[in-house]
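Structure assessment
Read off the chains here:
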Amino acid sequence: MNEIIWHGRGGQGVVLASEVLAEAAYLQGYKGVTSAPTFGPERRGAPLSASTRIADEPIRIFSRIERPHIAVVLDESLFDTMDIAGTLREGGILIVNSDKPPERFIPGKTNSIRAATVDAVSIAREYRLFVGGAPVVNTPLLGALARVWNGIEMRNIERGMGFKMSPPAAYNNFQAARSAFERTLVNGGEGREE
Amino acid sequence: MSDVRIITGNEAAALAVTLCEPQVLAAYPITPQTKIAELLSEYTEKGILKAEYVRVESEHSALSVLIAASTAGARTFTATCSNGLLYMHEQLHWAAGSRLPIVMCCVNRGVGAPWSIFNDQQDAMSQRDTGWIQLYCRDNQEIIDTVIQAYRIAEEVYVPVMVCYDGFILSHTMMPVEVPKGEEVKGFLPPYRPHTFLDPERPCTINPVFFPWRRENAEGVLCDGYMEMRRKLQNGLERAKGVIAETSREYAERFGRDCGGLIWTHRTEDAEFIMTGMGSIAAETTLAADLLREEGVRAGVVGIRSYRPFPKEALAQAMGGAKLIMVLEKCLSYGYEGGVASDLKAALYGTGVDAPVVGVIAGLGGRDVRIDDMLTAARESLEGLKSGQCGNRTLWLNCHGEE
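Residues numbered from 1 in each chain as written. Chains lettered and ligands numbered in written order. Predicted model: local features only at pLDDT ≥ 70, side-chain atom pairs only at ≥ 80, totals over all residues. Heavy atoms only, no water.

What about the overall build of chain A?
Scanning chain A from terminus to terminus reveals six helices and nine strands. Against the 2.2 N^0.38 benchmark of 16 Å for 194 residues, chain A shows a C-alpha radius of gyration of 15 Å, consistent with a compact globule. For chain A, the spread of C-alpha atoms along the three principal axes comes to 45 × 35 × 35 Å. For chain A, buried positions account for 53% of its 194 residues. Here chain A has roughly 8,700 Å² of accessible surface; of this, 49% comes from carbon and sulfur atoms. (Helix = DSSP H or I, 4+ residues; strand = E, 2+ residues; numbered from the N terminus. Rg over C-alpha atoms; globule rule 2.2 N^0.38 Å. Buried < 20%, exposed > 50% of the residue type's maximum accessible area, 1.4 Å probe, protein only. Areas by Shrake-Rupley, 256 points an atom, 1.4 Å probe, with all protein chains shown as cover.)

Dropping the structure here:
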């Protein structure tokens, strides 16, 4: 089972990103997929997360994800408030929306995780993806995820978006995700993980 | 081709209700049930669901509306949870006593005080004795399948059915759900035929004051008194055991999915250690059982789908080989122990199954239920069994404070 956690702030679309990933994973043939928001009230701007579980067999676990395989961070200011890298499993992947190099997000003593960054804000601006005046960074990060994790293919992310958005929005968001796929920086090389 | 959608538990419930074509709906929104009320309102507005959606100011009124509508011959639906369900309490008794086949979803949530919007099963448990059938779902697929079955069960035995599923854990978590076709559901679910029809052409009083004794009616026929009526309600629920099992079997034949009827089992054939529970926590125990098997423990799970009627015979049979039983439940009877543990012990009395029953109170007010914690509780109890230290006791899972 693969456990992916999406960290963002209320309004950034962590829930939608998790849902698109769940759709994409199911289309790819995984029998077990769940997507859950942080349970409880939501406030715009407050830290919140969403989680996706992906497995070959139906999911039978509903507890909170404590040690994710992959953490996707939509807002790098969240690093000031929580130890995201520290919760990752051995060999886990950290994906951050940032214009900084990925090495910056690997804590000194940890060598076992991989990090990737993508400047999703710039990409959202290029593709004119805005909600309420703020750039939409969730869908570009799906492209970054597909770049560093072998478990999901871009063509299924495209189809997954089709389930969650109107055709023009899905097209535009996918173009942004594809651009993010190309522009994601990965520490220690370009290879996708097996 | 099958229609699989990745949806939340609330979406599954709303789709199931739509497929059953109720004619009157009334609901008052309450977290985490709200989405069902919203979706059914939307479907009604768009004409996808040809029903009367009655807006009400409270849960008490929601069920009052359905009691009237059901008495007039309409198929009905509502949904609530927690303090909303408690506010319905008086009408829950009334609906069951009137033998009205109302179907309701209870999106299980803890009750205040202190205030909580998060999951446990104290709400439904506290309504155990109202005369409703209670069915628990372990995932979103079971929600859609159980709601459809609930109408058939309710309308067969004339007892209202509460379809219970865990708030947030299922109501807000998306997972793949196969959605049956409308025509297939129609074939499975015959139209509702009311037992007593409130008809303006033939005015009558239904449920007036009953006396402690039996009385003759205007035609001189000796009629039931209150106690006979109540005995019939009990008989209805007893008869529901067979109907629930049979409905589940026929549903499985038609739709290819079996929720198990009264109970479901996981690796119990040779199991010496049996875990049991209701809803999503029971699904999680199957994972714990698989992990315990890897350690050499002959572990299995018996999931309780029908809490009322309580499947006494089925449970005693399924637990026949148990040397230790562990009940994981998200509710308790304060001053005693978990309700399921109590009921199970009483059900096993005199059956020859004399395994100790360890009660585990877990997940109150949404407290995370972790597989690791389940495993620890299981291992400790198994150790206790070996050293003769394991009696009928109650543990609190992942909870701080004094024992």
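Next, the rest of the story.
Description of the interface of chain B and chain A
If you look at the interface, chain B gives 24 residues, while chain A gives 20 residues. When the two sides are added together, the surface that chain B and chain A hide from each other amounts to roughly 1,800 Å², 65% of it contributed by carbon and sulfur. On the chain B side of the interface with chain A, the three residues burying the most area are Ile6, Met174 and Asp368 of chain B, jointly 30% of the side's total. Remark: the boundary between chain B and chain A carries three salt bridges. Measuring nitrogen to oxygen at the nearest pair gives 3.9 Å for the salt bridge that ties Asp368 of chain B to Arg64 of chain A. (Contact = heavy atoms within 4.5 Å. Buried area = accessible area lost by both parts, 1.4 Å probe. Salt bridge = Lys/Arg side-chain N within 4 Å of Asp/Glu carboxyl O.)

Brief notes about the pattern of salt bridges
Once the charged atoms of two side chains with opposite charge are near each other, the side chains can pair. All names here are of chain B. Going through the model one piece at a time under the given rule, you end up with 37 salt bridges over all chains. Arg254 is the partner of Glu250 in a salt bridge, and the nearest nitrogen-oxygen pair spans 3.2 Å. In this pair, Glu250 and Arg254 are both assigned in helix H9 (residues 226-255), four residues apart and thus about one turn of the helix distant. For Glu250, a relative accessible area of 18% corresponds to the buried category. The network of salt bridges with common partners includes Asp270, Glu272, Arg293, Arg298 and Lys323.

Some words on helix H12 (residues 339-348) of chain B
All names here are of chain B. Here H12 lies mainly inside the structure; eight of its 10 residues are buried. If you check which residues of H12 are buried, you get Gly339, Val340, Ala341, Ser342, Asp343, Leu344, Ala347 and Leu348. Positive backbone phi, approximately 80°, marks Gly350, located one or two places after H12.

Some thoughts on the side chain of Arg257 of chain B
Residues and elements named next belong to chain B. Position of Arg257 among the secondary structure elements: in the loop between H9 and strand S11 (263-266). With relative accessibility at 14%, the residue Arg257 sits in the buried group. Only 2.8 Å separates the side chain of Arg257 from the side chain of Asp145, close enough to count as a polar contact. At 3.4 Å, the side chain of Arg257 and the side chain of Glu178 are in polar contact. Contacts of Arg257, omitting those with residues within four sequence positions, involve Gln141, Asp145, Glu178, Pro180, Tyr251 and Ala252. (Polar contact = N/O pair within 3.5 Å; in protein donor to acceptor, adjacent residues only side chain to side chain.)

Looking at the domain arrangement of chain B
Residues and elements named next belong to chain B. In terms of domain boundaries, chain B breaks down into domain 1 (4-188) and domain 2 (263-396). The gap between the C-alpha centroids of domain 1 and domain 2 is 28 Å. Taken together, the contact between domain 1 and domain 2 spans 20 residues of the former and 24 residues of the latter. Together domain 1 and domain 2 conceal approximately 1,900 Å² of surface at their shared face, both sides included; 52% is due to carbon and sulfur atoms. Taken together, domain 1 and domain 2 are joined by one salt bridge. A salt bridge links Asp343 to Arg128; the shortest N-O distance between them is 4.0 Å. Counting across the domain 1 and domain 2 interface gives 12 residue pairs in polar contact (both at pLDDT 80 or more). Counting residues per element, the ones that place at least two in the side of domain 1 that touches domain 2 are helix H6 (122-125), strand S6 (133-136) and helix H7 (140-157). With four residues, S6 is the largest single contributor of residues to the side of domain 1 that touches domain 2. Each residue belonging to the side of domain 1 that touches domain 2 can be placed in one class, and the counts come to nine nonpolar, seven polar and four charged. (Domains from an automatic or database assignment. Nonpolar A, V, L, I, M, F, W, Y, C, P; charged D, E, K, R; others polar.)

As for the sheet that holds S11 of chain B
All names here are of chain B. Spatially, S11-S13-S12-S15-S16-S17 is the arrangement adopted by the six strands of the open sheet, whose pairing is mixed. Each having just a single partner strand, S11 and strand S17 (394-396) make up the two edges of the open sheet. Averaged over all adjacent pairs, the angle separating strand axes in this sheet is 20°, with direction ignored. Lying on the sheet, helix H10 (residues 280-294) is in contact with S11, strand S12 (273-277), strand S13 (299-304) and strand S15 (324-329); it crosses S13 at an angle near 170°. The sheet strands contacting helix H13 (residues 371-386) are S12, S15, strand S16 (357-361) and S17, and the helix crosses S15 at an angle near 150°. (Pairing = 2+ DSSP bridges. Axes fitted to C-alpha atoms, helices over the stretch in contact; angles between N-to-C directions.)

Here's the deal with the environment of Ala378 of chain B
Its place among the elements puts Ala378 of chain B in helix H13. The spacing of Ala378 of chain B and Thr146 of chain B is 232 residues in sequence and 30 Å in space, taken between C-alpha atoms.

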